Amino acid sequence: MGIIKKVAIGVGGLVGVLVVAGVGGYVWAGNASATQLARTVTVPTTGFPMPWPAGADSAGGTDSTAMATTAAIARGKHLIEARYPCAECHGADFGGGTMVDDPAMGQILGPNLTTGAGSRTASYTAEDWDRIVRHGVKPDGTRALMPSEDFFAMSDRELSDVVMYIRSLPPVDKTVPVSTLGPVAKALVATGKWTFSADMHPTKHEGAHAALPPAEVADATFGKHLVQGCTGCHRANLAGGPIVAGPPNWPPAANLTPAGLTGWSYDDFVRAMREGVRKDGTPLREPMSVMPKFAKNMTDVEMQALWAYISTVPAVESAPAK
Ligand code: HEC
Ligand code: HEC
């Protein structure tokens, strides 16, 4: 979560290639990566109301738009604080932040999403939010460097709530420069080894989004929805293994199927999530060490639903080292 600093695979090897290839290779990588970055993807986009209309439960209020707005912002705040790590890259105040700052990889920056001067999203429509967050594609159709696989399964109402919350924050006047790629990142993009989320879409950008999330009850259906935020690292089958798009120094993601969490109780799981320690009490390493910041804001129902789902998945061995 957060910290999903998608740096890259085979960085060392590529540095070698660049040194051998010399100036000619560097120029080639620069041109070829520019071509890759300019490539566009067509995505069917979905609009949704902002704020999400108040349900029948709030009928009878005197000002239903105001009520809907208050409810949407409250739900969005929870999503940002407990489930979606947008602030890790866009800044705690959403005025801009850093995903990667490294001489080899470059400066990959999360732009200002507030309503202040320098906002990248001031004129965004619901369709624009859908395209970037749930498909990894920018308004001009180019593929974003931002990792968004963990957001693909967001329902319309959740995305609407996230946007309502971000727009309710105090405006920050800050212009974040456009990201610049370092030589290794350019070579990865040029050779097709950079993992663009847009290219990993499970339904190739077809298929509708759910309008609403599953009911918030402590069952495996809601848990399966929540687990989408874990699959970028722990994989769709939860068996873990090397983190495909993580930097080389990250440990493999743990196996969360019964083949890995042998003998774990619900309490062991809660402790790992909220305190960042394994069953034997030893600390979990980065990037899992960031989880408690979010998990301490998860409700007990969310935690129980996650466990309800995790307990039902079949045992699978972890993927081998890369
Ligand atoms: C791991 C870091 C990271 C996370 C987490 C992240 N972003 Fe981003 N985001 C970026 C970067 C980097 C960019 C810059 C554009 C690009 O990727 O090419 C970006 C760009 C954007 C843009 C503007 C695209 C444009 O140029 O028009 C929006 C809107 C956005 N992100 C929304 C979100 C939301 C909402 C979330 C959480 C649900 C989120 N981001 C989570 C890194 C991140
Ligand atoms: C950014 C990547 C990332 C994300 C996202 C992530 N994890 Fe992890 N997780 C890891 C890594 C890596 C480890 C292993 C850490 C170590 O070995 O020190 C781990 C370890 C764990 C463990 C400890 C298991 C053990 O055997 O020690 C649990 C439980 C866990 N994760 C649950 C989750 C759940 C549930 C989610 C989603 C809500 C999640 N993780 C999201 C990377 C991630």
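Criteria and thresholds
Residues numbered from 1 in each chain as written. Chains lettered and ligands numbered in written order. Predicted model: local features only at pLDDT ≥ 70, side-chain atom pairs only at ≥ 80, totals over all residues. Heavy atoms only, no water. Helix = DSSP H or I, 4+ residues; strand = E, 2+ residues; numbered from the N terminus. Expected span 1.5 Å × (residues − 1). Buried < 20%, exposed > 50% of the residue type's maximum accessible area, 1.4 Å probe, protein only. Contact = heavy atoms within 4.5 Å. Domains from an automatic or database assignment. Buried area = accessible area lost by both parts, 1.4 Å probe. Salt bridge = Lys/Arg side-chain N within 4 Å of Asp/Glu carboxyl O. Nonpolar A, V, L, I, M, F, W, Y, C, P; charged D, E, K, R; others polar. Near = heavy atom within 4 Å. Polar contact = N/O pair within 3.5 Å; in protein donor to acceptor, adjacent residues only side chain to side chain. Donors = N, O, S within 2.8 Å, 3.2 Å for Na, K, Ca; no water.

Peer 1: Report on helix 2 (residues 64–83), specifying residues and quantitative values.
Peer 2: When the terminal C-alpha atoms of helix 2 are compared, their 27 Å separation across 20 residues agrees well with the 28 Å that a helix rising 1.5 Å per residue should span. When helix 2 is considered as a whole, its buried residues turn out to be A68, A72, G76, L79, I80, A82 and R83. Where helix 2 is buried, its residues meet helix 3 (86–90), helix 5 (156–168), helix 7 (220–227), helix 10 (291–295) and helix 11 (300–310).

Peer 1: Run through the domain arrangement of the chain, naming residues and quoting values.
Peer 2: A common way to express how large an interface is: the accessible area buried when the components associate. Annotation of the chain at the domain level lists domain 1 (42–54 + 62–179 + 195–200) and domain 2 (220–310). When each unit is reduced to the centre of its C-alpha atoms, the spacing between domain 1 and domain 2 is 24 Å. Listed per partner, the contact involves 13 residues of domain 1 and 15 residues of domain 2. Interface of domain 1 and domain 2: buried area, both sides summed, is about 1100 Å²; carbon and sulfur atoms make up 50% of it. One salt bridge in this structure joins K293 and E88, with 2.4 Å as the shortest N-O distance. Broken down by element, the side of domain 1 that touches domain 2 gets its largest block of residues, five residues, from helix 2. A breakdown of the residues in the side of domain 1 that touches domain 2 according to their chemical character gives five nonpolar, three polar and five charged.

Peer 1: Give me the site of ligand 1: which residues, what numbers.
Peer 2: Neighbouring residues of ligand 1: 25 residues in total, closest C86, C89, H90, Y124 and M146. K138 is positioned with one of its side-chain polar atoms (N or O) 3.2 Å from an oxygen atom of ligand 1. Here L145 contributes a backbone N or O atom positioned 2.7 Å from an oxygen atom of ligand 1. Considering only residue class, the shell around ligand 1 consists of 20 nonpolar, three polar and two charged.

Peer 1: Quick rundown of the coordination of the iron atom of ligand 1? Include the residues and the values.
Peer 2: The iron atom of ligand 1 binds to the protein through H90 (NE2) and M146 (SD); the donor distances cover 2.0 to 2.1 Å. H90 gets classed as buried once you look at its relative accessible area, which sits at 9%. The exposure class assigned to M146 is partly exposed, which follows from its relative accessible area of 22%.

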